[in-house]
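# Observations on the model geometry
Here is how the chains run, residue by residue.
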Amino acid sequence: MMPEILTTIPLEQIFNKLIDSFIENKVGIAEHFLSEDLAAHLKNNLTQLYKENLLLSAGTGNDALVVHDKLFRSDRIYWLDRKHNNQHENDFFDLMDRFVSHLNNTCYTGITGYEFHYTLYEKGSFYKKHLDQFRSNGSRQYSMIMYLNTDWKINDGGELCIHHLNNLQNITPLNGKSVFFKSSELAHEVLLTNKPRMSITGWLKVM
């Protein structure tokens with residue numbers, strides 16, 4: 001059963017906010033994409049995985065060639081999968097299925113799959129400027145990030161910095177917020193974080 005997002009904000013309205021802001025500025029942003037309840041459960045999952053030392057150091061590149069360079073990227077990740085049979089991960093996948101269906105029906109994007117992982121930036125971590133789409137594989141069409149950070153303050157750092165043609169756009173990683181953009185178009189980076197920063201990060205794909 002899908003969790004309620006917010007009783008006062010229909011799910012379709014949140015989806016449309018994400019899509020409309022993407023069309024306007026190449027970066028879609030929607031508050032409350034994750035409900036407080038779902039975000040809290042996912043954050044608890046991520047925190048427990050971290051305590052059990054199950055997060056892996058993230059690398060760059062595809063499966064054929066993964067490079068680990070702590071001077072370029074220092075986050076830790078854990079891939080989500082329905083095979084885990086975790087109720088809250090499956091609730092998240094149900095939400096994504098609904099969003100992909102809405103996106104395909106309204107924008108004819110032809111998305112046929114996705115992949116997502118938990119992401120944890122420990123204090124002092126960052127991810128330097130990069131694109132999400134691999135040179136040798138164009139399957140990643142759209143990048144999505146959903147944040148799991150309550151009570152985030154400006155001095156905590158960790159903003160997502162989007163490199164537009166003529167300006168930089170810094171996005172604070174506030175709880176429940178989703179960010180959405182083309183994987184092949186916008187270079188971006190995660191600025192140095194001054195406390196642990198958590199999210200679910202992934203890509204909508206054409207398989």
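Residues numbered from 1 in each chain as written. Predicted model: local features only at pLDDT ≥ 70, side-chain atom pairs only at ≥ 80, totals over all residues. Heavy atoms only, no water.

## Examining the pairing of strand S3 (residues 76-79)
- Relative to S3, strand S2 (residues 56-57) runs antiparallel, the two sharing two bridges. Paired with Leu-56 across the strands is Ile-77, a residue of S3. (Pairing = 2+ DSSP bridges. Helix = DSSP H or I, 4+ residues; strand = E, 2+ residues; numbered from the N terminus.)

## Considering the sheet that holds strand S4 (residues 113-121)
- Here we have seven strands laid out as an open sheet, ordered S1-S9-S6-S11-S4-S3-S2, and antiparallel in their pairing. Each edge of the open sheet carries a strand with a single partner, namely strand S1 (28-30) and S2.
- In this sheet, strand S9 (residues 178-182) lies alongside strand S6 (residues 140-147) in antiparallel orientation, the contact comprising five bridges. Looking at S9, one finds that Tyr-142 is bridged to Lys-182.
- Each of S1, S6 and S9 is contacted by helix H1 (residues 11-25), which is oriented at about 150° to S1, the strand it contacts most.
- Sheet contacts for helix H2 (residues 36-51): S3, S4 and strand S11 (197-205); angle to S4, the most-contacted strand, approximately 65°. (Contact = heavy atoms within 4.5 Å. Axes fitted to C-alpha atoms, helices over the stretch in contact; angles between N-to-C directions.)

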